[in-house]
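Listed below are the residues making up each chain.
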Amino acid sequence: FMCLEFSKVGVEPLQSLYDAYSFNVIPAIGQLVAGDRSSYQYLVESIRTFPKQEVLKAKMQDAGFRHASYTNYTAGVVAVHSGVKL
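As the structure is a prediction and not an experimental result, all values here were calculated from the model.

### A look at helix H1 (residues 14–34)
Here is step 1: Within H1, the axis deviates most sharply at Ser 22, by approximately 35 degrees.
Here is step 2: Among the residues of H1, those classed as buried are Gln 15, Tyr 18, Ser 22, Ile 26, Pro 27 and Gly 30.
Here is step 3: Close packing links the buried residues of H1 with strand S1 (2–6) and helix H2 (37–49).
Here is step 4: The positive-phi residue at the C-terminal boundary of H1 is Gly 35, with phi of around 65 degrees.

What follows is the structure in structure tokens.
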């Protein structure tokens, strides 16, 4: 199993900058490009409810995935989660 998800940034001040970008710029771009600010606002909000990297890893292990792990990219803005279940 492999999954690429937006994740929890673990470094300040990058977290604050990322939050400002996410909540202000992404919805504005959605409005400009797609004429749909609310869907992009929902996207940003839903990213914040996704489990943190260690929490998802623990859930994968609890579900029987072996070798559960993750790799952060861009200081945790995104992470690739992986595990094996036979």
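### Quick look at the side chain of Ser 22
Here is step 1: Relative to the elements of secondary structure, Ser 22 occurs in helix H1.
Here is step 2: Classification of Ser 22 as buried rests on a relative accessible area of 1%.
Here is step 3: Apart from residues lying up to four places away in sequence, Ser 22 is in contact with Pro 27, Val 44 and Arg 48.

### Examining the sheet that holds S1
Here is step 1: As summarised here, the arrangement of the 3 strands in space is S1-S3-S2, forming an open sheet in which the pairing is antiparallel. The sheet terminates laterally at S1 and strand S2 (66–73), the two strands that pair on one side only. Shown here is a sheet whose adjacent strand axes are inclined to one another by a mean of 20 degrees, direction ignored.

### Structural notes on the pattern of salt bridges
Here is step 1: Scanning the model with the defined rule gives 1 salt bridge in all.
Here is step 2: The salt bridge involving Arg 48 is made with Asp 19; its shortest N-O contact spans 2.7 Å. One end of the pair, Arg 48, is in helix H2; the other, Asp 19, is in helix H1, with 29 residues separating them in the sequence.

Basis of the calculations
Residues numbered from 1 in each chain as written. Predicted model: local features only at pLDDT ≥ 70, side-chain atom pairs only at ≥ 80, totals over all residues. Heavy atoms only, no water. Bend = angle between axes of the 7 residues up to and from the residue. Helix = DSSP H or I, 4+ residues; strand = E, 2+ residues; numbered from the N terminus. Buried < 20%, exposed > 50% of the residue type's maximum accessible area, 1.4 Å probe, protein only. Contact = heavy atoms within 4.5 Å. Pairing = 2+ DSSP bridges. Axes fitted to C-alpha atoms, helices over the stretch in contact; angles between N-to-C directions. Salt bridge = Lys/Arg side-chain N within 4 Å of Asp/Glu carboxyl O.

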